[in-house]
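Here's the letter readout for the chains.
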Amino acid sequence: MKVLAATTALTLSLASSLAAASCDEITFSDVGWTDITATTAATTVVLDALGYETDVKILSVPVTYTSMAAGDVDVFLGNWMPTMEADIAPYREDGSVDTVRANLTGAKYTLAVNKAAADMGIKNFADIAAGILGAGDAGTGQTPVRQGRAYRLPWLGTAPDEREL
């Protein structure tokens, strides 16, 4: 329910900004990240219901900002700050791209593992840093190495497995 409320608030905020600018068609950039694809899709459904025509372009982050500056893209919902500061700064400084508002405050992205990986001892970045990274076997997903063992990473779609080095 929180996601729906946040999406609705973001969409209504966006719609009022776009209405003031007399936009009938709104072009979004989707950089292919799952969260941005979902947020963009939900926003376009609401805007379509409000009578706007929407278009979604699949673009890289650099092409997104260049396209926004050129007027080819209107909205990008994936500006993760402060990580993307270097990407947006030149456009913000020249006035061609503006941040309307933050849609998530206090959000962060970091390491997340499933139970099988946590059971192998990978619970935080220190656990990874305590070992060494090995080359592993090509295509097996084996890279983190701790205490003389190579771990097959279950979140890469391989079965949990370990072997002596």
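Here the structure is a predicted model, which is why all the values come from computation and not from measurement.

S.K.: Please clarify how unusual backbone geometry should be interpreted in this entry.
M.R.: Working note: non-glycine residues mostly have negative phi, and peptide bonds are mostly trans. The omega torsion across Met81 and Pro82 is 5°, close enough to zero to call that bond cis. Its place among the elements puts Pro82 in the loop between β3 (75–76) and α4 (85–94).

S.K.: Looking at this model, I keep getting lost on helix α3 (residues 61–70). Mind explaining?
M.R.: Every α-helix winds through 3.6 residues per turn, so residues three or four apart in the chain are directed the same way. The set of residues buried in α3 consists of Val61, Thr64, Tyr65, Ser67 and Met68. The arc enclosing the buried residues of α3, seen along the axis, measures out at 160°, which places them on a common side. Residues of α3 that are buried in the fold lie against β1 (25–30), β3 and α4. Capping the start of α3 is the job of one residue whose side-chain oxygen sits 3.3 Å from the backbone nitrogen of Val63: Ser60.

S.K.: Sorry if this is basic, but what is going on with the sheet that holds β3 here?
M.R.: Whenever strands of a sheet pair, they do so through backbone hydrogen bonds, lying parallel or antiparallel. Ordered by their spatial adjacency, three strands build an open sheet running β2-β1-β3, and the pairing between neighbours is parallel. Each end of this open sheet is capped by a strand with a single partner; those strands are β2 (53–58) and β3. Sheet analysis places β1 next to β3, joined by two bridges and oriented parallel. Its bridge partner lying in β3, Phe28 is registered against Val75. Sitting on the sheet, helix α2 (residues 34–49) is in contact with β1, β2 and β3, with an inclination near 170° to β1.

Procedures and definitions
Residues numbered from 1 in each chain as written. Predicted model: local features only at pLDDT ≥ 70, side-chain atom pairs only at ≥ 80, totals over all residues. Heavy atoms only, no water. Helix = DSSP H or I, 4+ residues; strand = E, 2+ residues; numbered from the N terminus. Buried < 20%, exposed > 50% of the residue type's maximum accessible area, 1.4 Å probe, protein only. Arc of directions from axis to C-beta. Contact = heavy atoms within 4.5 Å. Polar contact = N/O pair within 3.5 Å; in protein donor to acceptor, adjacent residues only side chain to side chain. Pairing = 2+ DSSP bridges. Axes fitted to C-alpha atoms, helices over the stretch in contact; angles between N-to-C directions.

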